[in-house]
Protein chains: 2
Amino acid sequence: MTDAALFLDPGLVRRFAEIVGERHALTDTGDIAPYLIEPRGLWHGRTSLVLRPGSVDEVSRIMRLATETRTPIVPQGGNTGLVGAQVPDEGGGQVVLSLSRLNRIHELDLLSNTVTVEAGVALQTLQEAAANADRLFPLSLAAQGSCQIGGNLSSNAGGTNVLAYGNARDLCLGVEVVLPTGEVFDDLRKLKKDNTGYDLKNLFIGAEGTLGVITAAVLKLFPTPKGREVAFAGLPSAEAALALFGMAADRAGSALTAFELIGQRPYDYTLMHATGAVRPLASDWPWYVLMEISSGRSAEDARGLTEDILGAALEAELAGDAVIAASLAQAEALWNFREVLPEAQKPEGASIKHDISVPVASIPAFIEQAAAAVERVSPGARPVCFGHMGDGNLHYNISRPVDGDDAAFLAQYRTVNDAVHEIVRSFHGSISAEHGIGQLKRNELIATAPPVAIDLMRRLKVAFDPAGIMNPGKVI
Amino acid sequence: MTDAALFLDPGLVRRFAEIVGERHALTDTGDIAPYLIEPRGLWHGRTSLVLRPGSVDEVSRIMRLATETRTPIVPQGGNTGLVGAQVPDEGGGQVVLSLSRLNRIHELDLLSNTVTVEAGVALQTLQEAAANADRLFPLSLAAQGSCQIGGNLSSNAGGTNVLAYGNARDLCLGVEVVLPTGEVFDDLRKLKKDNTGYDLKNLFIGAEGTLGVITAAVLKLFPTPKGREVAFAGLPSAEAALALFGMAADRAGSALTAFELIGQRPYDYTLMHATGAVRPLASDWPWYVLMEISSGRSAEDARGLTEDILGAALEAELAGDAVIAASLAQAEALWNFREVLPEAQKPEGASIKHDISVPVASIPAFIEQAAAAVERVSPGARPVCFGHMGDGNLHYNISRPVDGDDAAFLAQYRTVNDAVHEIVRSFHGSISAEHGIGQLKRNELIATAPPVAIDLMRRLKVAFDPAGIMNPGKVI
């Protein structure tokens, strides 16, 4: 076993440890290990030191010392990110700064509909605190049990509720950020409107810890919907899904809180491989949609809207079959069916993943052209297409050919990525709709984004982090 | 009459003129005058040259030459801004860059619900183009006939529809910006989700032309509401208005598209001074609310929601009297009553203005404390309070004492501002909720914002505009 502490000067480790106390300065390889294990095992790093500060003041002192000693700092929340942004490099000289102990909910303001939280509060903890106060905090994603608000903001998290409520950026009114110098930028304000200078807040949101450390935030709360319906429909084509989306958005407006597209393959794989998955529809269709309607008025209203939309869809032959969940348990089962899609794909062998967005109207054309492009570069590979159609965001994953070899297929990762992303770019889309850049897409971003944008980002990075100690090697 | 051209080297003027053509390079004092006249006459400037480019390429060439020759550039849209951001300084050496000729609507995408427009399109022109395509572009403000999209974005404009649809920033999906060097940052994308690096778009929005020149944008469109009701209520107190807002937001959700608070004074002044203003309610109240409900479902639905809310408000004694507009003409008359408030205040003599925001829940306490503070520093001065209560944004204007002297009162501008803004700061509010900083509030921003924020803004400014030629003397 490597002695991690060798990578950093012991005197420096002691100085950092003095700030947080010995107990919260982890140097033992076993203690450190969980901070280096990323959920999918795609990213590995090493470190000599994990710091777990208990206050903003401690974060500030850590950053001051880091600047003084030019020590790279890797901020980490729940360690659930998918692009390696929260994982240190292999050199062992980067210090991991865990925000987990900053886990207090400072204030729920039910008149202003805001909540002020520290960065280390788990998303689900916040959802539950809001629910207990009869409010909705709408950010919702698969990792919500362990991901943390600081990470959600640093990665500008998306998820299944973006359609009606926006992503993490849209949900944030104010931030507190510790800068590389240790200075604290305190902008924890509850204002819906503030035009006093440059938009600093949105720079830190989505910066993946490369410009500063988000230590707290003011977030929006919403009224708890009084009625919620979950429906599942089978459709003849992606074009029909687009038309159904338009119809549902038109009739339900902001009551349309989710519109998830599911291809035939992920649907079938879930039925085959996910234990306990219940078949939502009796007949098979090329495409499926999971739709959620949330009414601020009443349960009856949500039901009426949903029936209205599905009735019109069936009559217009946009949908061929549809069900509405008859109970909370059924609604949860339908959502669970959607949530397990990525997991259910695994038994089909190696997979090459994409997290793309295009204009909503371009979704059907993207699906058609991307499938052709994949078939060209990797004949027999199987597109497994699902995602947040209402946001123009697809998780466009490709399983290896049925009889293919995992390693041989994964050797094509870059080729397949390039083919799919080329189609994305032809639609002026994004190669990272919601997961971010981190380490995974850094080289591709730098290689393919307009040079002017890369230049501006580099100027920003240098302006905010001249010593280059904030999460180096990520984003830019 | 001053020969404006004296301020700039004639050779340089010729080089600029060659880019746009003689016809669009204004050097005659008479031709230039309209670009120096700001609506309220508060800001005066001089210039030797107004350039009216007809393409992004021309803007780019202008900026390249400006960088080469260190010539300061002042971008200007409809010239309706209230803080002097669009007006050059008195030196005469700053070139005004008018975006008015970039006035094409490139594309209405009705499936993606986006519109791609050039910076010089007038807001009202865009509203009408959207309406003709059965869509809503919700940004709405008093200057909409002449203000332009580029200026709306550069000032992150607000207005009366922010409550449901957000401000200019929230309505913008992508921008095209010409940088000081002449490079074009082309981010004209229609994406609802894009997590590929730092949020450059939101930096340019609200930067008042100090970081670059916005030349085009992709903006969101919304379904046209199928029903709209405008109601006017009289209330016993600001606390009742806050409670009514909570009740209306809870019952109507995002169908609550406006919630405007009007104090007794502005109400009375409008009845006294605005020609054609019709008394909305028979009896007098300390406070009034103009509320708009827009339903995506039907006219009946909007009516039902409005009646439901007002009925509950009257029963709970939050409102003492209320009317719902019985016709489109009546609805327009009620909105007109709200729109003319600033104008109707003028006959009451000199006025000291504020554009503040606080957390919504703090509105009643702010009103009480601000009135006391004003009375302390300027006894007899009359707070004229109205604004976008749902956004926590008040236009808190102070008319001079009834028998006071205009000049003597205006001599107290700074003292009164300071007293009001001190209360704003005690509520962690904003001293510029929607109008921006420009020249008007630059010194105060620099003096009172946290030094860390000012330092970050200065670093941004230097990183993006190292030569300091973009609208110098504004914002920071």
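What counts and how
Residues numbered from 1 in each chain as written. Chains lettered and ligands numbered in written order. Predicted model: local features only at pLDDT ≥ 70, side-chain atom pairs only at ≥ 80, totals over all residues. Heavy atoms only, no water. Helix = DSSP H or I, 4+ residues; strand = E, 2+ residues; numbered from the N terminus. Rg over C-alpha atoms; globule rule 2.2 N^0.38 Å. Buried < 20%, exposed > 50% of the residue type's maximum accessible area, 1.4 Å probe, protein only. Contact = heavy atoms within 4.5 Å. Buried area = accessible area lost by both parts, 1.4 Å probe. Salt bridge = Lys/Arg side-chain N within 4 Å of Asp/Glu carboxyl O. Polar contact = N/O pair within 3.5 Å; in protein donor to acceptor, adjacent residues only side chain to side chain. Nonpolar A, V, L, I, M, F, W, Y, C, P; charged D, E, K, R; others polar. Pairing = 2+ DSSP bridges. Axes fitted to C-alpha atoms, helices over the stretch in contact; angles between N-to-C directions. Parallel < 35°, antiparallel > 145°, perpendicular 65-115°, else oblique. Left-handed = near helix turned anticlockwise from the far one by under 90°. Least-squares fit on C-alpha atoms with pLDDT ≥ 70 in both. Expected span 1.5 Å × (residues − 1). Domains from an automatic or database assignment. Phe/Tyr/Trp six-rings, centres within 6.5 Å; stacked < 30°, edge-to-face > 60°. Arc of directions from axis to C-beta. pLDDT = per-residue confidence, 0-100. Disulfide = S-S within 2.5 Å.

## Some words on the overall build of chain A
Scanning chain A from terminus to terminus reveals 17 helices and 19 strands. Since a compact globule built from 476 residues should have a radius of gyration of about 23 Å, the 23 Å found for chain A is in line with a globular shape. Taking the principal axes of its C-alpha atoms as reference, chain A extends roughly 70 × 55 × 45 Å. Put simply, chain A has 476 residues, and 59% of those count as buried.

## Topic: the interface of chain A and chain B
Chain A puts 76 residues into the contact, and the matching count from chain B is 76 residues. With both chains or domains summed, chain A and chain B bury close to 6,100 Å², and 58% of this area falls on carbon and sulfur atoms. Its largest share of buried area at the contact with chain B, chain A owes to Lys-193, Asn-195 and Tyr-198 of chain A, together 17% of the area lost on that side. Summed over the shared surface of chain A and chain B, the number is 11 salt bridges. One salt bridge in this structure joins Arg-169 of chain B and Asp-199 of chain A, with 3.2 Å as the shortest N-O distance. The tally of links from chain A across to chain B stands at 38 residue pairs in polar contact (both at pLDDT 80 or more). Secondary-structure elements contributing two or more residues to the side of chain A that touches chain B are α6 (162-165), β9 (184-187), α7 (201-204), α8 (238-252), α10 (299-315) and α17 (451-464) of chain A. Taken together, the residues of the side of chain A that touches chain B sort by class into 35 nonpolar, 23 polar and 18 charged.

## Brief notes about the sheet that holds strand β1 (residues 25-26) of chain A
All names here are of chain A. Ordered in space as β1-β2-β4-β3, the 4 strands form an open sheet in which the pairing is mixed. Only two strands of the sheet have a single partner each, and these edge strands are β1 and β3 (73-76). Alignment of strand β2 (residues 50-51) against strand β4 (residues 95-98), held across 2 bridges, turns out to be parallel. Bridging from a neighbouring strand, Val-50 pairs with Val-96 of β4.

## Section: the packing of helix α14 (residues 363-377) of chain B against helix α16 (residues 413-426) of chain B
Residue and element names in this part refer to chain B. Orientation of α14 relative to α16, taken along the N-to-C sense of each, is 150 degrees, at an axis distance of 9 Å. Compared by their axis directions, α14 and α16 come out roughly antiparallel. Considering the relative orientation of α14 and α16, their crossing is right-handed. Across the interface between the two elements, Phe-366, Gln-369, Ala-370, Ala-373, Val-374 and Val-377 of α14 pack against Thr-415, Val-416, Ala-419, Val-420, Ile-423, Val-424 and Ser-426 of α16. Considering only residue class, the contact of α14 with α16 consists of 10 nonpolar, 3 polar and no charged.

## Description of the relation of the copies chain A and chain B
The two copies are related by a screw motion: chain A maps onto chain B through a turn of 180 degrees and a shift of 0.0 Å along the axis, at an RMSD of 0.0 Å. Taken together, these values place the two copies in the relation of a two-fold axis. Same-surface contact between copies: 100% of interface residues of chain A are shared with the interface of chain B.

## Considerations on α16 of chain B
One turn of the α-helix equals 3.6 residues, which is why residues spaced by three or four share an orientation. Residue and element names in this part refer to chain B. A rise of 1.5 Å per residue sets the reference length of α16, with its 14 residues, at 20 Å; its end C-alpha atoms lie 20 Å apart and thus fit the reference within 8%. Listed in full, the buried residues belonging to α16 are Val-416, Asn-417, Ala-419, Val-420, His-421, Ile-423 and Val-424. For α16, the elements touching its buried residues are β16 (351-352), β17 (355-357), α14, β19 (393-399) and α17 (442-448). At the C-terminal side of α16, His-428 shows a positive phi close to 55 degrees.

## So, the domain arrangement of chain A
All names here are of chain A. Here chain A is described as being made up of domain 1 (3-98), domain 2 (105-223), domain 3 (227-342) and domain 4 (349-435). Between the C-alpha centres of domain 1 and domain 2 the distance comes to 23 Å. Listed per partner, the contact involves 13 residues of domain 1 and 15 residues of domain 2. Applying the counting criterion to the domain 1 and domain 2 interface returns 0 salt bridges. The element best represented in the side of domain 1 that touches domain 2 is helix α3 (residues 56-69), accounting for 6 residues.

## Topic: the packing of helix α9 (residues 238-252) of chain B against helix α11 (residues 299-315) of chain B
The angle between the axes and the distance between the axes are what describe a pair of packed helices. Residue and element names in this part refer to chain B. At a minimum axis distance of 10 Å, the contact between α9 and α11 shows a crossing angle of 145 degrees. At the point where α9 passes α11, the crossing takes the right-handed sense. Mapping the contact onto sequence places Leu-244, Met-247, Ala-248, Arg-251 and Ala-252 in α9 and Leu-305, Asp-308, Ile-309, Ala-312 and Ala-313 in α11. A per-class count over the contact of α9 with α11 returns 8 nonpolar, no polar and 2 charged.

## Looking at the sheet that holds strand β2 (residues 50-51) of chain B
Residues and elements named next belong to chain B. Overall, mixed pairing links the 4 strands, which are arranged β1-β2-β4-β3 in an open sheet. Sheet topology places β1 (25-26) and β3 (73-76) at the edges, where each strand pairs with a single neighbour. By the bridge criterion, 4 bridges tie β3 to strand β4 (residues 95-98) in an arrangement that is parallel. The partner of Pro-75 across the bridge, within β4, is Leu-97.

## Some points on the packing of aromatic side chains
Scanning the entire structure with this criterion turns up 20 aromatic pairs over all chains. For the pair Tyr-267 of chain B and Tyr-288 of chain B, a centre-to-centre distance of 3.6 Å together with 10 degrees between the ring planes defines the contact as stacked. Taken together, the residues span a long stretch of sequence, with Tyr-267 of chain B in helix α10 (residues 264-273) and Tyr-288 of chain B in strand β14 (residues 287-295) at a distance of 21 residues. By relative accessible area, Tyr-267 of chain B is classed as buried at 0%. The buried category is assigned to Tyr-288 of chain B, whose relative accessible area is 0%. Ring pairing ties together the aromatic residues Phe-232, Tyr-267, Tyr-288 and Phe-337 of chain A, which thus form one cluster.

## So, the pattern of salt bridges
All names here are of chain B. What the rule picks out here adds up to 53 salt bridges over all chains. A salt bridge links Arg-104 to Glu-118; the shortest N-O distance between them is 2.7 Å. Separated by 14 residues along the polypeptide, Arg-104 in the loop between β4 and β5 (105-109) and Glu-118 in strand β6 (residues 114-118) bring together distant segments of the chain. Under the relative-accessibility criterion, Arg-104 is labelled partly exposed at 43%. In this structure, the salt-bridge partner of Lys-190 is Asp-109, at a minimum N-O distance of 2.9 Å.

## Considering helix α9 (residues 264-273) of chain A
Here α9 of chain A has its buried residues at Pro-266, Tyr-267, Tyr-269 and Thr-270 of chain A. An end-on view of α9 of chain A places all buried positions within 165 degrees of arc, on one side of the element.

## Side note on the confidence of the model for chain A
All names here are of chain A. Averaged over all residues, the pLDDT of chain A is 96; the fraction at 70 or higher stands at 99%. Note on residues 1-5: pLDDT is under 50 here. Beyond four places in sequence and across chains, it has 9 contacts. As a predicted assembly, this complex carries a pTM of 0.96 together with an ipTM value of 0.96.

## Here we look at unusual backbone geometry
In this model, Asp-134 of chain A sits at a positive phi of 60 degrees, which is unusual for a non-glycine residue. Mapped onto the elements, Asp-134 of chain A comes out in the loop between α4 (123-132) and β7 (135-136). Even without glycine at this site, Asn-471 of chain B takes up a positive phi of about 45 degrees. Mapping Asn-471 of chain B onto the fold places it in the segment after α18 (451-464). Judged by its relative accessible area of 1%, Asn-471 of chain B falls in the buried class.

## Examining the pairing of strand β9 (residues 184-187) of chain B
Burial along β9 of chain B is one-sided: Phe-185 and Asp-187 of chain B are buried, and none of Val-184 and Asp-186 of chain B, which face the opposite way, are. Two successive antiparallel strands, strand β8 (residues 172-178) of chain B and β9 of chain B, enclose a turn made up of 5 residues, where Gly-182 of chain B displays a positive phi of approximately 95 degrees.

## Here's the deal with the side chain of Asn-161 of chain B
All names here are of chain B. With respect to the element layout, Asn-161 can be found in the loop between α5 (149-154) and α6 (162-165). For Asn-161, a relative accessible area of 13% corresponds to the buried category. Separated by 2.8 Å, the side chain of Asn-161 and the backbone oxygen of Pro-138 make a polar contact. Ignoring any residue separated from it by four or fewer positions in sequence, one finds Asn-161 in contact with Pro-138, Ser-140, Gly-166, Thr-257 and Glu-292.

## Digging into the environment of Asn-336 of chain A
Residues and elements named next belong to chain A. Turning to its location among the elements, Asn-336 is positioned in helix α11 (residues 328-339). According to the relative accessible area criterion, Asn-336 is partly exposed, its value standing at 39%. Sequence spacing of Asn-336 and Val-278 is 58 residues, and the spatial spacing of their C-alpha atoms is 9.5 Å.

## Brief notes about the state of the cysteines
All chains considered together, the criterion is met by 0 disulfides over all chains. Sulfur of Cys-147 of chain B: no disulfide; nearest cysteine sulfur belongs to Cys-172 of chain B and is 15 Å away.

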